[in-house]
Amino acid sequence: MSRPCAIPLLFRSLFNGTLQRMKLGNRNTQNAEVIAWVGKVAELCQPREIFWCDGSTVEKEALTAEAVRSGVLLELNPERLPGCYYHRSHPNDVARVEQCTYVCTESEEEAGPTNNWAPPAEMYRKLYGLCAGAMRDRVMYVVPYLLGPPKSPMAKVGIELTDSIYVVLSMRIMTRMGKVAYDELGEGTDFNRGLHTMLDLDPERRHIAHFPQDNTIISVGSNYGGNVLLGKKCLALRIGSWLGRKEGWLAEHMLILGVEAPSGEKTFVAAAFPSACGKTNFAMMQPPRHFRGWKIWTVGDDIAWMKPGADGCLYAINPEFGYFGVAPGTNVHSNPNATEIIKRDTIYTNVALTPDRDVWWEGKGEDPPAGTVDWQGRPWKSGEHAAQPNSRFTAPMTNNPMLAPEAMDPKGVPISAIIFGGRRSTTLPLVYEAFNWVHGVYMGATMGSETTAAAAGAVGHVRCDPMAMLPFTGYNMGFYFRHWLNMRKRITHLPRIFSVNWFRKDDQGNFLWPGYGENMRVLEWIVDRCHGRVGARETPLGWVPNARDFDLDDLPGFTREHFERVQQINIEEWRREILSQDELFMKIYAFIPKEMIFQRELLVARL
Ligand code: OXD
Ligand code: MN
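Remember, it's a predicted structure, so these values are computed and weren't measured experimentally. (Residues numbered from 1 in each chain as written. Chains lettered and ligands numbered in written order. Predicted model: local features only at pLDDT ≥ 70, side-chain atom pairs only at ≥ 80, totals over all residues. Heavy atoms only, no water.)

Draft legend 1. Main features of the side chain of Asn-501. With respect to the secondary-structure elements, Asn-501 resides in the loop between β27 (496-500) and α15 (519-530). The class of Asn-501 is buried, set by a relative accessible area of 1%. Of note is the side chain of Asn-501, whose polar atom sits 3.0 Å from the backbone oxygen of Leu-428. For Asn-501, the residues in contact, after removing those within four places along its chain, are Gly-422, Arg-423, Arg-424, Thr-426, Leu-428, Pro-429 and Leu-430. (Helix = DSSP H or I, 4+ residues; strand = E, 2+ residues; numbered from the N terminus. Buried < 20%, exposed > 50% of the residue type's maximum accessible area, 1.4 Å probe, protein only. Polar contact = N/O pair within 3.5 Å; in protein donor to acceptor, adjacent residues only side chain to side chain. Contact = heavy atoms within 4.5 Å.)

Shown next, in the form of structure tokens:
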């Protein structure tokens, strides 16, 4: 059971009695713990009104009208984009900010060297100070939400208190929001307490703080999705990973998809790629014509919660209910399903706006029409960004024509393969398979990827991003590796583990692999491996496909030689790769499981 977050005495006495005078709104829950906590936060933040969300359609319509009236949203062309709205964020608030993100555990060791740590009492004091009176003249929305399908043993309840109507409408898309969460919670006290206030969006006051021991999150000074949709990165990953370690499951930055063969056989796969590296595209892939009869079903595009089932398989659920996808680069070739999904009931953030109130971004296809304004509302000039590189769509997953029916199944889907992928222009082959679970954990733990616009900071330099979880592991990374290693004792039918890289380039900077739908070829090999249908060749890195088993038919211009180049293992590059892993290994040396060191030695020896 989690402790309710204590509000320091100073603030309690300062605001004592004001709650009675404040308009409490119509509560739609009887849960005493929820009511008491909302009351305490209201005393602190002093909203002019409290709005208890129920998740209904009537409520959605009223809130949307209010957001349009107040200029937070603009209605898009209702003929082309029915139910779609446009939002611009503050230009200084367009991505996650890792330097302002904190894990506040009792000891610094629990947070570990890869997280910003602060003592909980100190951080509570500081943030309550910033929150004091912060919602004066604003409405405080009470947003109850459920992560995971109702009645799933893996589902969790969160309640977010926020002064941002954009957050409320986005949470309504991204989670199962409203009464369903109160129904699941009943009289219980085990819910995540999330407090969000935009303040004045001053980056100097921006903090995204996690208190795992209290199941509490406080986010101030931002209104960007990854910092403020508290169900997503904050609860589903950072607090989720902490809970997963405590309760024996995994919270991962992974898409989940189902591959259906023409025979009807369905194989479920989970895949970790860092932010803005194509998880959404991969999760919604349409197999090319050559794969007639094959289907890809989406379970989730960003987060997987995975727990061993009674039958010894690893089961996964998608805790989310919507997609918060990167807009630039989304088109009918890269992601045909997404282009359908985002045609209705979608919120667009920081894309460009055309004169007929349609949306545009780099890589959408056709050129933008004259009179297009950029994401900051300025007339767009050729050669400049029209859409912000991390501009987003927020769309309901129920719009997905290929939504796996199993995404609604409380028990989740059995995972046969886990894929780790990075964005690497050199070194990493298209695909290889780990020798075993421990080797696979080492593979995931040492994966490097080029940084992207999803986080504030330089783009394009390689950093070690273990399991794509560097910004999201809510505790010590060394303990996280240990947890992964321990999981093998709890799973009888261990998924196989693979590494993939769609982004390898030649010396001229051209991609060596066509990617997108053609990734189906890699997936087919992976599925065949899972079912024991094909052999493989041993290399120093792991098992790679025998040329005869990898389907290259009907891929004009791509020959066996091209395949060899994209699969090439360059020993010198790999020696450098191992050295580049030292930075992370040295950082967490005191906590790293010895198996990881042995795996490294074995790889060096094999090379
Ligand atoms: C995301 C991210 O938004 O990883 O999913 O940043
Ligand atoms: Mn993500």
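Having seen the structure, we can now continue with the description.
Draft legend 2. Spotlight on the side chain of Asp-302. As for its position among the elements, Asp-302 is in the loop between β15 (295-300) and β16 (304-308). In terms of polar contacts, Asp-302 uses its side chain to reach the side chain of Lys-233, at 2.7 Å. Looking at Asp-302, its side chain comes within polar contact range of the side chain of His-253, at 3.1 Å.

Draft legend 3. Expanded view of the site of ligand 1. Around ligand 1 lies a shell formed by Arg-96, Lys-232, Lys-233, His-253, Ser-275, Asp-302, Phe-324, Arg-392, Ala-454 and Phe-472. Interatomic distance of 2.9 Å between a side-chain N/O atom of Arg-96 and an oxygen atom of ligand 1. Between Lys-233 and ligand 1, the recorded distance is 3.0 Å, taken from a side-chain N or O atom to an oxygen atom. Burial of ligand 1 by the surrounding chains reaches 95%, relative to a free accessible area of 210 Å². Looking at the shell around ligand 1 residue by residue, the classes come out as 3 nonpolar, 2 polar and 5 charged. (Near = heavy atom within 4 Å. Areas by Shrake-Rupley, 256 points an atom, 1.4 Å probe, with all protein chains shown as cover. Nonpolar A, V, L, I, M, F, W, Y, C, P; charged D, E, K, R; others polar.)

Draft legend 4. Just the coordination of the manganese ion (ligand 2), in detail. Ligation of the manganese ion (ligand 2) by protein atoms is provided by Lys-233 (NZ), His-253 (NE2) and Asp-302 (OD), these donors lying 2.2 Å from the ion. Written as a sequence motif, the donor residues of the manganese ion (ligand 2) are K-x19-H-x48-D. In this pair, His-253 sits in the loop between β12 (250-252) and β13 (254-260) while Asp-302 sits in the loop between β15 and β16, placing the two residues 49 residues apart along the sequence. In this structure, His-253 and Asp-302 share a single accessibility class: buried. (Donors = N, O, S within 2.8 Å, 3.2 Å for Na, K, Ca; no water.)

Draft legend 5. Summary view of the state of the cysteines. Inspection of the entire model under this criterion finds 0 disulfides. Cys-131 takes part in no disulfide bond, and the closest cysteine sulfur to it belongs to Cys-45, at a distance of 4.8 Å. Left unpaired, Cys-464 is separated from the closest cysteine sulfur, that of Cys-277, by 14 Å. (Disulfide = S-S within 2.5 Å.)

Draft legend 6. Representation of the packing of aromatic side chains within the structure. This model, assessed by the stated rule, comprises 23 aromatic pairs. For the pair Phe-291 and Trp-294, a centre-to-centre distance of 6.0 Å together with 80° between the ring planes defines the contact as edge-to-face. For the pair Phe-291 and Trp-294, a shared accessibility class is recorded, and that class is buried. Between the aromatic rings of Tyr-475 and Tyr-480, the centroid separation amounts to 6.2 Å while the plane-to-plane angle is 75°, which identifies the pairing as edge-to-face. A residue is classified by how much of its surface remains accessible, and Tyr-480, at 1% relative accessible area, is buried. Counting every residue linked through ring pairs, the aromatic cluster contains Trp-513, Phe-550, Phe-558 and Phe-563. If you follow Lys-233 out to its NZ or CZ, it ends over the ring of Phe-472, 4.5 Å from the centre. The ring of Trp-361 is capped by Lys-364, whose NZ or CZ atom sits 5.2 Å from the centre of that ring. (Phe/Tyr/Trp six-rings, centres within 6.5 Å; stacked < 30°, edge-to-face > 60°. Lys NZ or Arg CZ within 6 Å of the ring centre and 35° of its normal.)

Draft legend 7. Region of interest: helix α16 (residues 560-567). Of the residues making up α16, those classed as buried are Phe-563, Val-566 and Gln-567. Looking straight down α16, one finds its buried side chains confined to an arc of 95°; they lie on one side. Here the buried face of α16 lies against β24 (431-433) and β29 (543-544). (Arc of directions from axis to C-beta.)

Draft legend 8. The arrangement of the packing of helix α14 (residues 477-487) against helix α19 (residues 594-606) in detail. At their nearest, the axes of α14 and α19 sit 9 Å apart, and the two run at 85° to each other. With respect to α19, the element α14 is oriented roughly perpendicular. Contact residues: Phe-481, Arg-482 and Leu-485 in α14; Lys-594, Glu-595 and Met-596 in α19. (Axes fitted to C-alpha atoms, helices over the stretch in contact; angles between N-to-C directions. Parallel < 35°, antiparallel > 145°, perpendicular 65-115°, else oblique.)

Draft legend 9. Geometry of the pattern of salt bridges. Applying the stated criterion to the full structure yields 32 salt bridges. Here Asp-356 makes a salt bridge to Arg-80, at a shortest N to O gap of 2.4 Å. Placement of Asp-356 in the loop between β20 (352-353) and β21 (359-360) and of Arg-80 in the loop between β2 (74-75) and β3 (85-87) is noted, with a sequence separation of 276 residues between them. The class for Asp-356 is partly exposed, based on a relative accessible area of 32%. With a closest N to O distance of 3.4 Å, Asp-200 and Arg-205 form a salt bridge. The structure contains a network of salt bridges with shared partners spanning Lys-232, Lys-233, Lys-279, Asp-302 and Glu-320. (Salt bridge = Lys/Arg side-chain N within 4 Å of Asp/Glu carboxyl O.)

Draft legend 10. View of helix α4 (residues 57-69). Taking 1.5 Å as the rise per residue, α4 with 13 residues should run 18 Å; its terminal C-alpha atoms sit 18 Å apart, in good agreement. Close packing links the buried residues of α4 with β1 (49-52), β3, β6 (139-147), α7 (165-174) and β8 (176-177). Its side-chain oxygen at 3.2 Å from the backbone nitrogen of Glu-59, Ser-56 defines the N-terminal cap of α4. Looking at the residues trailing α4, positive phi occurs at Gly-71, about 85°. (Expected span 1.5 Å × (residues − 1).)

Draft legend 11. Local environment of the packing of helix α13 (residues 437-445) against α19. One way to put it is that α13 packs onto α19 with a least axis distance of 10 Å and a crossing angle of 90°. Looking at the two axes, α13 sits roughly perpendicular to α19. The segment α13 lies against α19, with Val-438, His-439, Val-441, Tyr-442 and Ala-445 engaging Glu-595, Met-596, Gln-599, Arg-600, Leu-603 and Arg-606.

Draft legend 12. Layout of unusual backbone geometry. The backbone phi angle of Lys-151 is positive, close to 70°, even though this residue is not glycine. Along the chain, Lys-151 turns up in the loop between β6 and β7 (156-162). What makes Lys-151 exposed here is its relative accessible area of 64%. Look at Leu-199: it is not a glycine, yet its phi comes out positive at around 50°. Position of Leu-199 relative to the elements: it lies in the loop between β9 (192-197) and β10 (207-211).

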